[in-house]
Amino acid sequence: MPPTMSADYFSMYSGGMFSNSTPDDLMASPVKKLDKSEALIKARSLLETKAIHVDVPPVSDDFILRFLNARKMNIENCVQLMLNYFDHRKKNPALFENLTVNDPLTQSCLRDGLPLVLKNRDRKGRCVVLFLIYSWDHSKYSIETIYKALLLTMEYLLEDIQNQVNGFVFAVDWTNFKLRDYIDVSPKMVKLMVDGFQDAFPSKFKGLHFIGQPWYVDGIITVIKSFLKEKTKQKFIVHGSNLSSLHEYLPRDVLPPELGGEGTAYRTDEWIELLKNYENRTSLQS
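Student: Is there a simple way to explain the overall build of the protein in this structure?
Tutor: When helices and strands are tallied, the protein shows 14 helices and five strands. By the burial criterion, 53% of the 286 residues in the protein qualify as buried. If you sum the accessible surface of the protein, you get close to 13,700 Å²; carbon and sulfur atoms cover 52% of it.

Student: Sorry, what's going on with the environment of Asn176 here?
Tutor: Considering the arrangement of structural elements, one finds Asn176 in the loop between β3 (168-173) and α9 (179-182). Of the residues examined, Asn176 reaches a relative accessible area of 58% and is grouped as exposed.

Student: Even after reading the chapter, I still don't get the pattern of salt bridges, so can you show me in this structure?
Tutor: It is possible for side chains bearing opposite charge to pair when their charged atoms get close. In this structure the tally under the stated criterion is 17 salt bridges. Ionic pairing is found between Arg66 and Glu155, a salt bridge with its closest N-O pair at 2.7 Å. Of this pair, Arg66 sits in helix α3 (residues 61-70) while Glu155 sits in helix α7 (residues 143-157), and the two are 89 residues apart along the sequence. What makes Arg66 buried here is its relative accessible area of 8%. By relative accessible area, which is 18% here, Glu155 ends up buried. With a closest N to O distance of 3.1 Å, Glu230 and Lys233 form a salt bridge. Separated by three residues within a single helix, Glu230 and Lys233 lie in helix α12 (residues 230-233), roughly one turn from each other.

Student: In this structure, what is going on with empty space enclosed by the protein? I would like to understand it.
Tutor: If a probe the size of a water molecule is rolled over the atoms, the empty space left behind becomes visible. Evaluation of the coordinates by the stated rule reveals one cavity of 30 Å³ or more. Computed from the structure, the largest cavity encloses a volume of approximately 140 Å³. Lining the largest cavity are 15 residues, and of these Val117, Leu118, Lys119, Thr264 and Ala265 sit closest to its centre. A breakdown of the residues in the lining of the largest cavity according to their chemical character gives nine nonpolar, three polar and three charged.

Student: Help me understand the layout of surface pockets, please; the structure alone is not making it clear to me.
Tutor: If you add up the space inside the largest pocket, you get close to 1,000 Å³. Elements with a minimum of two residues in the lining of the largest pocket: α7, β3, α10 (187-199), β4 (205-211), α11 (218-227) and α12. By residue class, the composition of the lining of the largest pocket is 22 nonpolar, four polar and seven charged.

Student: Which parts of the structure should I look at to understand α10?
Tutor: Three- or four-residue spacings in an α-helix give side chains the same orientation, since the helix completes a turn every 3.6 residues. If you check α10, its first and last C-alpha atoms are 18 Å apart, about what 13 residues at 1.5 Å a residue would give, namely 18 Å. All of the buried residues along α10 are Met189, Val190, Met193, Val194, Gly196, Phe197 and Gln198.

Student: How do you make sense of the environment of Tyr134 when you look at a structure like this?
Tutor: Structurally, Tyr134 can be placed in the loop between β2 (127-132) and α7. Judged by its relative accessible area of 31%, Tyr134 falls in the partly exposed class. Once the C-alpha coordinates of Tyr134 and Lys178 are considered, the two residues, 44 residues apart in sequence, prove to be 7.8 Å apart. Contacts of Tyr134, omitting those with residues within four sequence positions, involve Asp173, Trp174, Thr175, Asn176, Phe177 and Tyr266.

Student: Just checking my understanding: could you explain the side chain of Gln107 for this structure?
Tutor: Tracing the backbone through its elements, the reader meets Gln107 in helix α6 (residues 104-111). The contact partners of Gln107, leaving out residues within four places of it in the chain, are Val101, Asn102, Ile272 and Lys276.

Student: Looking at this model, I keep getting lost on the sheet that holds β3. Mind explaining?
Tutor: Within a sheet, neighbouring strands are paired by backbone hydrogen bonds and run either parallel or antiparallel to one another. Across the sheet, which stays open at both edges, the five strands sit in the order β1-β2-β3-β4-β5 with mixed pairing between neighbours. A single partner strand is all that each edge strand has here, and the edge strands are β1 (116-117) and β5 (236-240). Of the pairings in the sheet, the one linking β3 to β4 comprises six bridges and is parallel in character. Pairing of Ala171 across the sheet is with His209, part of β4.

Student: Explain unusual backbone geometry here, please?
Tutor: Among all residues except glycine, the phi angle is most often negative; among peptide bonds, the trans geometry is most common. In this chain, Leu114 is followed by Pro115 through a cis amide linkage whose omega measures 0°. In this fold, Pro115 is placed in the loop between α6 and β1. Phi is positive for Lys72, which is not a glycine, with a value near 50°. Assignment of secondary structure puts Lys72 in the loop between α3 and α4 (75-91). Given a relative accessible area of 58%, Lys72 falls into the exposed group. Even without glycine at this site, Met73 takes up a positive phi of about 70°. Considering the arrangement of structural elements, one finds Met73 in the loop between α3 and α4. A relative accessible area of 13% means that Met73 is categorised as buried.

The rules behind these values
Residues numbered from 1 in each chain as written. Predicted model: local features only at pLDDT ≥ 70, side-chain atom pairs only at ≥ 80, totals over all residues. Heavy atoms only, no water. Helix = DSSP H or I, 4+ residues; strand = E, 2+ residues; numbered from the N terminus. Buried < 20%, exposed > 50% of the residue type's maximum accessible area, 1.4 Å probe, protein only. Areas by Shrake-Rupley, 256 points an atom, 1.4 Å probe, with all protein chains shown as cover. Salt bridge = Lys/Arg side-chain N within 4 Å of Asp/Glu carboxyl O. 1 Å grid on protein atoms, 1.4 Å probe; cavity = no way out; pocket = protein on both sides within 12 Å on 5 of 7 lines; lining within 4 Å. Points joined across faces, edges and corners; volume = space filled by probe spheres on them. Nonpolar A, V, L, I, M, F, W, Y, C, P; charged D, E, K, R; others polar. Expected span 1.5 Å × (residues − 1). Contact = heavy atoms within 4.5 Å. Pairing = 2+ DSSP bridges.

Structure follows, in structure tokens:
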């Protein structure tokens, strides 16, 4: 059986959102060059030295730890990633204004499964994030709203140290995506999203799977690949309508029935409520 979120999927973060899964990176590398305390001290000191031209607010140790885990405790890389994170927000203020799950457009987006997080992890303990791109209602919200919904989702998921260490697998379902919808996929926005998550967000991306894509999505694939680093390109896998191919990477007991799996069916309303509860909790603590 795959590792699952179990009851913790519906509760607030309290030391780990997912249940009973040891991060594979931690198992593979039980001894690190720097312990956590030492790494935090060095990272904070270097951040203060380098944060001259970037507006960096006060940050907690837990926040810095996200970036240390994303860069495997490499201090220089961790601090550069933090600087990129804040610079990305400074250069794109419209994306981060009213960044809340209570925004009606963002809720519409999340209700359509853009994105949706599966309850079960994959065999390596990685979180699986789906995009039901075929349900995108262009008349209600733009691709920018999808990006904002993704940012909200990822910020929440990174509260869990297992996600920080193990990383994420993404699957995009293009089934029944219409040709007329293709024109609303802005290459400029796609580049902004790719650049943001490659170079300005503390996440490890372990796989990107395209499912059920029609022939005209090839243009989008070409655009996305042109922005990806070589190492990331190797993790980009196009399955078409071959769900058996997908199941080689994401077993059926991890996936919902909609993708030929044996897991729980899509419940976007539950994911929205989870984000609302988390947002309410963090606002009370601030």
